[in-house]
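Structural characterization, general
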Amino acid sequence: MNRSSTSSAAEKAPTVMLWGCELNQEKRTWTVKPQKEGKQDCKLLLSTICLGEKAKEEMNLVEILPPASQEDKKAKPITIASLQASVLPMVMMGLELSPPVTFQLRAGSGPVFLSGQECYEKKGGKRRGGSETQP
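Here is a short report on the structure shown in this document. (Residues numbered from 1 in each chain as written. Predicted model: local features only at pLDDT ≥ 70, side-chain atom pairs only at ≥ 80, totals over all residues. Heavy atoms only, no water.)

1. What to know about the overall build of the chain
Broken down by element type, the chain carries one helix and eight strands. Across the chain, helices and strands are ordered from the amino to the carboxyl terminus as α-β-β-β-β-β-β-β-β. A burial count over the chain gives 29% of its 135 residues as buried. Within the chain, contacts between residues at least 6 apart in sequence are counted, and of these 80% link residues at least 24 apart. A total accessible area of about 9,200 Å² is found for the chain, and carbon and sulfur atoms account for 52% of it. (Helix = DSSP H or I, 4+ residues; strand = E, 2+ residues; numbered from the N terminus. Buried < 20%, exposed > 50% of the residue type's maximum accessible area, 1.4 Å probe, protein only. Contact = heavy atoms within 4.5 Å. Areas by Shrake-Rupley, 256 points an atom, 1.4 Å probe, with all protein chains shown as cover.)

2. Focus on the environment of Met-59
With respect to the helices and strands, Met-59 occurs in the loop between strand E3 (40-51) and strand E4 (60-65). Sequence-wise, Met-59 and Leu-88 are 29 residues apart; in three dimensions their C-alpha atoms are separated by 9.6 Å. Setting aside chain neighbours within four positions, we find Met-59 in contact with Ser-82, Leu-83, Gln-84, Ala-107 and Gly-108.

3. Digging into the nonpolar core
Side chains that are nonpolar tend, in soluble globular proteins, to be buried together. If you look at the biggest cluster of nonpolar residues, it comprises 21 residues, and the most contacted ones within it are Trp-19, Ile-49, Val-62, Phe-103, Val-112 and Leu-114. The element contributing the most residues to this core is E3, with four residues. Residues within four places of Ile-49 in sequence aside, it is in contact with Val-62, Ile-80, Ala-81, Leu-83, Pro-89, Met-90, Val-91, Met-93, Val-112, Phe-113 and Leu-114. (Core = buried A, V, L, I, M, F, W, Y, C linked by side-chain atoms within 4.5 Å.)

This is the structure we're talking about:
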């Protein structure tokens, strides 16, 4: 492999940043917006939702709120996790979302921690999971 093909592959490589937030009684919603602007596609890869050590023995429901658009007023929130300290304190997942995304602690007082990665790739670049032929 020569240098030009190595540098062009590096230019096409997506930028990945760690991401996380806490939902609790005081902060019940969190909206994820792309941190980088410009000609880049952004995906949020949600990997873990877990209760904090100070969580009470209660059901904590985490959901994704639909985007606030005039077109679809019938859209309902989607529950993505039901956590309880003694039963299921953590969920591992591989959910890919397109920001902006709003998470809400619908029930319970938390704290609930969400973590994952923000992935940015230049528009028109190769998509994840695609195949590419090498000469």
